[in-house]
Amino acid sequence: MFDFDTPYSRIGTDCIKWDEQIAKFGKENVAVGMGIADMDFKAAPCIGKALAERCEHENWGYLQTPKSYIESIVAWNKRRYGLEIDPETIVLSSGVHPALIAAIQTFSPPGSKVLLTTPSYNGFYSDLTYCRVTQEDSPMKRVDGRYSIDFEDLERRISHDTNTLILCNPQNPTGNFWSAEDLTRLGELCLERRVVVLADEIHCDFVMKGQKYTPFASLPNKRIVDNSLTFKAASKTFSLAAMKSAWFFSTNPDLLARVKVNHRADINTLGVVANRAALTEGDSWLDQLLPYIDGNHEFVEGYIREKMPLVKYTKAQGTYLAWLDVSQVVDKIGAKEKAAEASKTSPKPVTPEMIVQKWLAENAKVVMTPGAEYGTGGEGHMRMNLGTSRKMIELALNNMASALNKA
Ligand SMILES: Cc1ncc(COP(=O)(O)O)c(C=O)c1O
């Protein structure tokens, strides 16, 4: 049995989730860091063991790509999802970001548009800025807390200079898993309109109870799959983000070759050792973690329903991220007015959600990510990271409920 219940302090390890928030909001205002997408748990023991063994050999020179690492990626995808990946098509990267940037730079020249279904991962926007391309947000529809792709809107937004679409499955921050039907419809549209699908499936291992992950590359229509590249990593699954290792692949040799020309990323020894160990020996750890995360989502959903009338939450289908509707909190604390006032003296616009973030830190000692960072449709929301022990989540919710009662 692995212990996910005992809180594991990361303070003082130079981590963004805790140390950066403490520097920003003050130690007294951070009882629970629930921002950036990594987890607080002690890593799977197989990772520490493999790293310790490797550290016994004290030489850190240039590394060749070990075949065993590629094999561990192929085997993981086959074992867990029945997905066959040709090892020859796997390109290692130091992260999904550098890989995505290479792909965007390949297909979408500066000034052209990249399509996204939103709300969508805030990091995509910095990649677009880096590539000097423009975001084309297609806001998703929302019915009873569930999001769905607005295909009519998506189609309308494709113009002569839309060459790529970033698909996020499961979608960060909303937690949607996309069905085979949705993916096929999206794939058909992109194929027809000559838009290359960049499928970011970095959160795919977090499948909540009753849900299913359909890899884009597993769709039966080969032409649809050949119009895509998939980007993955074990870095969310095993919380290895700063070990800097990810990969991408495509069934289309032409697309792959073109992206490789623009891709320059080196691998690092400890990253390879940690990721390979996780993918080879980490199944049992993940299999125990998944119900725990699912329980966290259920706990949050139930707690909010019963004790936080100003907040709404519909349980995510995937990811350890909870996308909270805080629009009533925005109104209650006058966040729109405060944001407008603060924007007058700030070099960058201050959003109402940034005001909510600060308010929650100062009044509930909880730090979450402001929803407006996630593009169109992110207003009135906060993203809460549930990759932590239930006790921390309970503390965060109790603090929030009591702060909101007093508001
Ligand atoms: C959807 C998505 N893609 C990419 C990344 C970043 O990937 P990497 O750390 O491998 O660059 C994240 C991190 O939160 C993410 O949520």
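Residues numbered from 1 in each chain as written. Predicted model: local features only at pLDDT ≥ 70, side-chain atom pairs only at ≥ 80, totals over all residues. Heavy atoms only, no water.

Trainee: Now, about the sheet that holds strand β13 (residues 369-370): what can you tell me, with residues and values included?
Mentor: Strand order in the open sheet made by the three strands is β11-β14-β13, with antiparallel pairing throughout. With one partner strand each, in any of the chains shown, β11 (321-325) and β13 form the two edges of the open sheet. Examined bridge by bridge, β11 and strand β14 (residues 381-385) share five bridges and lie antiparallel to one another. Of the residues in β14, the one forming a bridge with Leu 324 is Met 382. (Pairing = 2+ DSSP bridges. Helix = DSSP H or I, 4+ residues; strand = E, 2+ residues; numbered from the N terminus.)

Trainee: Residues and numbers for the pairing of strand β3 (residues 113-118), please.
Mentor: Side-chain positions along a regular strand alternate between the two faces of the sheet. In terms of burial, β3 is a largely internal element, five of the six residues being buried. Both β3 and strand β4 (residues 134-139) contribute to a ladder of six bridges, which runs parallel. From the neighbouring strand, Leu 116 faces β4, where its bridge partner is Asp 137. Handedness of the β-α-β unit built from β3, helix α5 (residues 122-131) and β4 comes out right-handed. Pairing between β3 and strand β7 (residues 162-168): four bridges, direction parallel. Bridge pairing links Lys 113 to Thr 162 in β7. (Buried < 20%, exposed > 50% of the residue type's maximum accessible area, 1.4 Å probe, protein only. Right-handed = clockwise from strand over helix to strand, strands pointing away.)

Trainee: Before we move on, could you go through the environment of Glu 373 and cite the residues and values that matter?
Mentor: The residue Glu 373 is located in the loop between β13 and β14 in this model. Residue Glu 373 is classed as partly exposed on the basis of its relative accessible area, which comes to 38%. Between the alpha carbons of Glu 373 and Gly 123 there is a distance of 8.9 Å; along the sequence they are 250 residues apart. If near-sequence neighbours (up to four positions away) are discounted, Glu 373 is found in contact with Asn 122 and Tyr 125. (Contact = heavy atoms within 4.5 Å.)

Trainee: Give me the packing of aromatic side chains: which residues, what numbers.
Mentor: Each aromatic ring pair is described using two quantities: the centre-to-centre distance and the angle formed by the ring planes. Under the defined criterion, the tally for this structure stands at 13 aromatic pairs. Seen in terms of ring centroids, Phe 4 and Phe 41 are 5.3 Å apart; in terms of plane orientation they differ by 75°. Their pairing is edge-to-face. Of this pair, Phe 4 sits in the segment before α1 (16-25) while Phe 41 sits in the loop between β1 (32-33) and α2 (45-55), and the two are 37 residues apart along the sequence. No difference in accessibility class separates Phe 4 from Phe 41, as the two residues are buried. Pairing Phe 41 with Tyr 292 gives two aromatic rings, centres 6.0 Å apart and planes at 85°, and the pair type is edge-to-face. One end of the pair, Phe 41, is in the loop between β1 and α2; the other, Tyr 292, is in helix α11 (residues 283-307), with 251 residues separating them in the sequence. You can call Phe 41 buried: its relative accessible area is 10%. Judged by relative accessible area, Tyr 292 falls into the buried class, the value being 11%. Through a chain of ring-to-ring contacts, three or more aromatic side chains come together here, namely Phe 4, Phe 41, Trp 76, Phe 238, Trp 285 and Tyr 292. Of note, Arg 54 hangs over the ring of Trp 60, and the distance from its end group to the ring centre comes to 4.6 Å. A cation sits over an aromatic face here: Arg 390 above Tyr 292, 4.5 Å from the ring centre. (Phe/Tyr/Trp six-rings, centres within 6.5 Å; stacked < 30°, edge-to-face > 60°. Lys NZ or Arg CZ within 6 Å of the ring centre and 35° of its normal.)

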